[in-house]
Amino acid sequence: MNFLLRLVLILAGLIFAASLLVVMSILLLVWAVRAVWFKLTGRSVLPFAMRMNPRAGFEQVFRQAQKSGPAAARAPRHKLDDVTDVEPKL
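What counts as what
- Here the residue numbering is sequential within each chain, running from 1 through the sequence in written order.
- Per-residue local features are limited, in this predicted model, to residues with pLDDT of at least 70; the limit for side-chain atom pairs, both in listing and counting, is 80 or more; totals at the level of whole chains, interfaces and linings are taken over all residues.
- To get the side-chain values, all heavy atoms of the structure are used, and hydrogens and water are removed first.
- Here a strand is any run of E in DSSP of at least two residues, a helix any run of H or I of at least four, and the numbering for each starts at the N terminus.
- Burial classes follow relative accessibility: with a 1.4 Å probe on protein chains only, a residue under 20% of its type's maximum area counts as buried, one over 50% as exposed, and anything between as partly exposed.
- Accessibility throughout is a Shrake-Rupley quantity obtained with a 1.4 Å probe, and a residue counts as covered only by protein chains that appear here.
- Patch rule: a residue counts if its relative accessible area is over 30% and it has no salt bridge; like charges are joined within 9 Å, and nonpolar side chains (Val, Leu, Ile, Met, Phe, Trp, Tyr) within 5 Å.
- Salt bridge, as used here: a side-chain nitrogen of Lys or Arg that lies within 4 Å of a carboxyl oxygen of Asp or Glu.
- Residue-level confidence of the predictor is summarised by pLDDT, bounded by 0 at the bottom and 100 at the top.

A.B. asks: Would you explain the overall build of the protein chain in this entry?
C.D. replies: When helices and strands are counted, the protein chain shows 3 helices and 0 strands. Along the protein chain, from the amino end to the carboxyl end, the secondary structure elements read α-α-α. Considering the protein chain as a whole, with its 90 residues, one finds that 2% of them fall into the buried category. When the accessible surface of the protein chain is split by element, carbon and sulfur atoms take 69% of a total near 9400 Å².

A.B. asks: Explanation requested: a nonpolar patch on the surface in the structure shown.
C.D. replies: A grouping of Met1, Phe3, Leu4, Leu7, Val8, Ile10, Leu11 and Leu14 is seen on the molecular surface, where their side chains present a nonpolar patch of about 900 Å² in accessible area. Here Val8 lies in helix H1 (residues 2-41).

A.B. asks: Would you explain the confidence of the model for the protein chain in this entry?
C.D. replies: Low pLDDT marks regions whose predicted coordinates should not be analysed in detail. Overall, the prediction assigns the protein chain a mean pLDDT of 84, with 86% of residues at 70 or greater. No element of the protein chain has a lower mean pLDDT than helix H3 (residues 71-74), at 55, and none a higher one than H1, at 95.

Below is the structure:
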């Protein structure tokens, strides 16, 4: 049983590695076609880059909070007339 489990796990790992290889090959092919196209059209080849500003998310949430006002002003206030005290049983 252990041998069969190990064999299944090894096969799953090989399939995962092969799928990653296929995806990376497709990305490399797309990048190469893009680079050749840019060279043919005379434009400079720019690398794929993901520009990310970590402060942008915080600033967006901070601006939304400033627009809507403080949290206490937005929350509805309920009367506490119907609350009764509970006496503990000893």
